[in-house]
Amino acid sequence: MAELFGFEFKRKLPEKQLQSFAPPRDADDGAAIISAGGAYGTYVDLDGTIRSEAELVTRYREMALQPECDAAIDEIVTESIAIDEHDIIEINLDDVKVTENVKKVIRDEFQTCLKLLDFNKFAYEIYRRWYVDGRLYYHVIIDSANSRDGIKEIRYVDPRKIRKVREVTRKRISAEQPGDAMINKTVNEYYIFNEKGFNYGNKTVGPTTSGLKIAKDSVLHIVSGLTDNQGTMVLSYLHKAIKALNQLRTLEDALVIYRLARAPERRIWYIDVGNLPKMKAEQYVRDIMVKHKNRLIYDAASGEIRDDRKFMTMLEDYWLPRREGGRGTEVTTLPGGQTLGQMDDVLYFQKKFLQTLNVPVSRLNSDALFSLGRATEITRDELKFARFIVRLRLRFSMLFLKLLEKQLILKGIVTPEDWDLISGDIRFDYAKDNYFAELKEAEIAEGRINLARNFQDMAGKYFSHEWIRKNILHQSDDEIQRNDEQIYAENNSGDVRWLNPAIEQNAQFIQQQQGQDQQSQQQGDPEQMNKIEQVRQAMIFVDQMKQKGKANRSMADESKYKQAVQLIAKNPDVVAQMGTGQQQ
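Residues numbered from 1 in each chain as written. Predicted model: local features only at pLDDT ≥ 70, side-chain atom pairs only at ≥ 80, totals over all residues. Heavy atoms only, no water.

Caption draft 1: Spotlight on the overall build of the chain. A tally of helices and strands in the chain yields 19 helices and 16 strands. Going through the 584 residues of the chain one by one, you find that 35% of them count as buried. Put simply, the chain shows about 36,800 Å² of open surface, and 51% of that area lies on carbon and sulfur atoms. (Helix = DSSP H or I, 4+ residues; strand = E, 2+ residues; numbered from the N terminus. Buried < 20%, exposed > 50% of the residue type's maximum accessible area, 1.4 Å probe, protein only. Areas by Shrake-Rupley, 256 points an atom, 1.4 Å probe, with all protein chains shown as cover.)

Caption draft 2: Just the pattern of salt bridges, in detail. Applying the stated rule across the entire model yields 21 salt bridges. Ionic pairing is found between Asp133 and Arg61, a salt bridge with its closest N-O pair at 2.9 Å. Here the residue Asp133 occupies a position in helix α4 (residues 119–133), and Arg61 occupies one in helix α1 (residues 46–64), the gap between them amounting to 72 residues. Between Asp477 and Lys470 there is a salt bridge whose closest N-O contact spans 3.1 Å. Relative accessible area serves as the criterion here: at 47%, Asp477 is assigned to the partly exposed category. Classification of Lys470 by relative accessible area gives partly exposed; the value is 32%. Bridged by salt links that share partners, the residues Arg61, Asp133, Asp158 and Arg160 form one connected network. (Salt bridge = Lys/Arg side-chain N within 4 Å of Asp/Glu carboxyl O.)

Caption draft 3: Quick look at the sheet that holds strand β14 (residues 318–323). Overall, mixed pairing links the three strands, which are arranged β14-β11-β15 in an open sheet. Looking at strand neighbours, the two that pair on one side only are β14 and β15 (330–334), the edges of this open sheet. Averaged over neighbouring strand pairs, the angle between their axes works out to 25 degrees when direction is ignored. Bridge analysis of strand β11 (residues 266–274) against β14 gives six bridges, and the strand direction is parallel. Paired with Tyr270 across the two strands is Leu320, which belongs to β14. (Pairing = 2+ DSSP bridges. Axes fitted to C-alpha atoms, helices over the stretch in contact; angles between N-to-C directions.)

Caption draft 4: Fine view of a negative patch on the surface. Residues Asp84, Glu85, Asp87, Glu90, Asp94, Asp95 and Asp429 make up a contiguous surface patch of negative charge. Secondary-structure assignment places Asp94 in the loop between β2 (89–92) and α3 (100–117). (Patch = residues over 30% accessible without salt bridge, like charges linked within 9 Å, V, L, I, M, F, W, Y side chains within 5 Å. Lys, Arg positive; Asp, Glu negative; His and termini not counted. Charge placed at Lys NZ, Arg CZ, Asp CG, Glu CD.)

Caption draft 5: Structural view of unusual backbone geometry. A positive phi angle, near 55 degrees, is found at Asp118, a position not held by glycine. The topology assignment puts Asp118 in the loop between α3 and α4. Even without being glycine, His474 reaches a positive phi, approximately 55 degrees. Along the polypeptide, His474 turns up in the loop between α13 (465–471) and α14 (477–493).

Caption draft 6: Fine view of the sheet that holds strand β4 (residues 151–157). Here we have three strands laid out as an open sheet, ordered β4-β3-β8, and antiparallel in their pairing. In this open sheet, the two strands that pair with only one neighbour each are β4 and β8 (219–223). The average undirected angle you get between the axes of adjacent strands in this sheet is 25 degrees. Here five bridges tie strand β3 (residues 135–142) to β8, and the two strands are oriented antiparallel to one another. Paired with Arg135 across the bridge in β8 is Val223. Running at roughly 155 degrees to β8, helix α10 (residues 398–410) makes contact with β3, β4 and β8 of the sheet. (Contact = heavy atoms within 4.5 Å.)

Caption draft 7: View of α10. Between its first and last C-alpha atoms α10 spans 18 Å; for 13 residues at 1.5 Å apiece the expected length is 18 Å, and the two agree. Where burial is concerned, most of α10 is hidden: 10 out of the 13 residues are buried. Of all the positions in α10, only Leu399, Phe400, Leu401, Leu403, Leu404, Lys406, Gln407, Leu408, Ile409 and Leu410 are classed as buried. A positive backbone phi angle near 75 degrees is found at Gly412, which sits one or two residues after α10. (Expected span 1.5 Å × (residues − 1).)

Caption draft 8: Just the pairing of strand β6 (residues 182–193), in detail. The pairing of strand β5 (residues 162–172) with β6 spans 11 bridges and is classified as antiparallel. Among the inter-strand pairings, Val168 is bridged to a residue of β6, identified as Thr186. Strand direction decides the pairing type here: β6 and strand β7 (residues 212–215), joined by four bridges, are antiparallel. Bridging from a neighbouring strand, Ile192 pairs with Lys213 of β7.

Caption draft 9: Seen up close, the nonpolar core. Phe119, Tyr131, Phe396 and Phe400 are the most contacted members of the largest nonpolar core, which totals 67 residues. Once residues lying within four places of it in the same chain are set aside, the contact partners of Phe119 are Ile81, Ile88, Ile89, Leu114, Ile126, Phe396 and Phe400. Counting 14 residues, the second-largest nonpolar core is a separate cluster that includes Met539, Val542, Tyr561 and Val574. (Core = buried A, V, L, I, M, F, W, Y, C linked by side-chain atoms within 4.5 Å.)

Caption draft 10: Representation of the packing of aromatic side chains in the model. Here the structure, examined in full by the defined rule, presents 18 aromatic pairs. Ring centres 6.1 Å apart and planes at 70 degrees place the aromatic pair Phe110 and Phe400 in the edge-to-face group. Of this pair, Phe110 sits in helix α3 while Phe400 sits in helix α10, placing them 290 residues apart in sequence. Between the aromatic rings of Tyr131 and Tyr237, the centroid separation amounts to 5.6 Å while the plane-to-plane angle is 0 degrees, which identifies the pairing as stacked. Here Tyr237 lies in the loop between β10 (234–235) and α6 (242–262) and Tyr131 lies in helix α4, a separation of 106 residues in the sequence. (Phe/Tyr/Trp six-rings, centres within 6.5 Å; stacked < 30°, edge-to-face > 60°.)

Caption draft 11: Structural view of the environment of His221. Within the secondary structure, His221 sits in strand β8. Residue classification places His221 among the buried positions, given a relative accessible area of 4%. A polar atom in the side chain of His221 sits 3.3 Å from the side chain of Tyr191. (Polar contact = N/O pair within 3.5 Å; in protein donor to acceptor, adjacent residues only side chain to side chain.)

Caption draft 12: Layout of α4. Between the first and last C-alpha of α4 there are merely 18 Å, a value that for 15 residues lags more than 12% behind the 21 Å anticipated at 1.5 Å per step. In the structure, α4 departs most strongly from a straight axis at Glu125, where the bend amounts to approximately 30 degrees. Buried within α4 we find Phe119, Ala123, Tyr124, Ile126, Tyr127, Arg128, Trp130, Tyr131, Val132 and Asp133. Directly beyond the C-terminal end of α4, a positive phi value near 85 degrees is found at Gly134. (Bend = angle between axes of the 7 residues up to and from the residue.)

Caption draft 13: Broad picture of the confidence of the model for the chain. Overall, the predicted model of the chain reaches an average pLDDT of 78, with 73% of residues at or above 70. Contacts from residues 38–48, a stretch scored under 50 in pLDDT, to residues over four places away or in other chains number 26 contacts. Contacts of residues 200–209 to residues separated by more than four positions or lying in other chains number 21 contacts, the stretch itself having pLDDT below 50. (pLDDT = per-residue confidence, 0-100.)

Caption draft 14: A look at the packing of helix α9 (residues 380–396) against α10. Running from N to C, α9 and α10 cross one another at 20 degrees; their axes reach a closest spacing of 5 Å. With respect to α10, the element α9 is oriented roughly parallel. Only Met398, Leu399 and Phe400 of α10 make contact with α9, whose side of the interface consists of Leu394, Arg395 and Phe396. Of the residues in the contact of α9 with α10, the class split is five nonpolar, no polar and one charged. (Parallel < 35°, antiparallel > 145°, perpendicular 65-115°, else oblique. Nonpolar A, V, L, I, M, F, W, Y, C, P; charged D, E, K, R; others polar.)

Here it is as structure tokens:
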């Protein structure tokens, strides 16, 4: 195989490909699938799908120049990228199972990747370009003499001049049954770049003569995730709006023509020609026309006054001869169109166009005021739009994930095998600018708290505290444990900011009861003394586990630790009593 331009990552062990009749998981990248053969046995139709994709990208960009489409795209990009925030995007490594030192290095390299993209300055343009074209290509440039320095520069590549190619081999599962499915195996992947684009007419061109073959790892490539019904061509998010936009444009043009033709009022001249012959009648009508018309036109090119009275346009009067009859010469008026102010059909197609792009119609209505109302006043279109933005952000995050992968592997921070293990746990947090989604979350939390307050009298009688926390407040086991630990630490901190009035009232009430029945308590209630002893042992065990550290705990210790924390949290009166007794 000929040497490819650029660099390529080598694995310590060859990647083992499992047999499958299904295409690879990244088959939605629009790569041209070709059959791998000998040195001269590989062919790809560069005039077919590749040229079609180039034409699609050109059409998408032409659509983006239309005012309605540009406004919708601007609304989507502005909602996805909060350009007025200091940190537009941050990396989230909470779920990544590596040391804190490695996490710090990854965060630093992520900031380097953002600087390579100049993302803080051109975030809007990069995201818009990806949304409109449906794909992004960047050439990753490194110092081949010292690859440990990482990526030096990345340059944007026009998607109409580059294409990904995947060579595969196909093998039947059983040679005895020709109708069985084929086993697909990827042999090689690379990119083909041609400066003049892929437009060669109706012929098949081999890749070795059509452009520069570039190694897969030298190109940063992300797509929209949308493909045609055959799954071979990547589509943009604007693709489904092509028909709606064409219908809107056609209707608007037809409306303009109709209004120009029907808007003005015209006069109809009925000229009585009596019994004159046809030729003399026509000459008589022309004489009347010249007599009553005045078409003096100023010629701006020559500065002269030109007489155009012999020309009659569609906006001028009508002159009709009338034979001898009961009526003579007459002048009437032809009224203009009566329904020129109706725009219902145009508004319908405009609404349909916006629906194809998932943009709420109210956002592009200039008469609508921005209202920060309650979530009950938010339309369902706004909620659907917020979810659509989340899906777009998740797909666009592949740009940072692939760029970070190349940077970390080049610098030797991780190996390709290690990256496969941790890449699935890396998340990216965008600066949120959707007030409606935030308002919805706030009202959901408010509703849960109010419902839990209504269950307060029934807690411990008809419903357990744990059931309320899991089913009403929707807290997970980890959240319950974490909150119990924080509540315990805050109650024992002595900080007045964390004092709960309800707990303080309960503690004072218990102290009053203890003062009234001090003698009985000195004698000791077996059940109460048993509870006190359990809480005391639990507090001792919790202190021991904290000193031991979470990393050094066994599974049995962790289970006992959770039970001890919950026991302490459920008995604040006993904890307060023990604290009073120790002070005395």
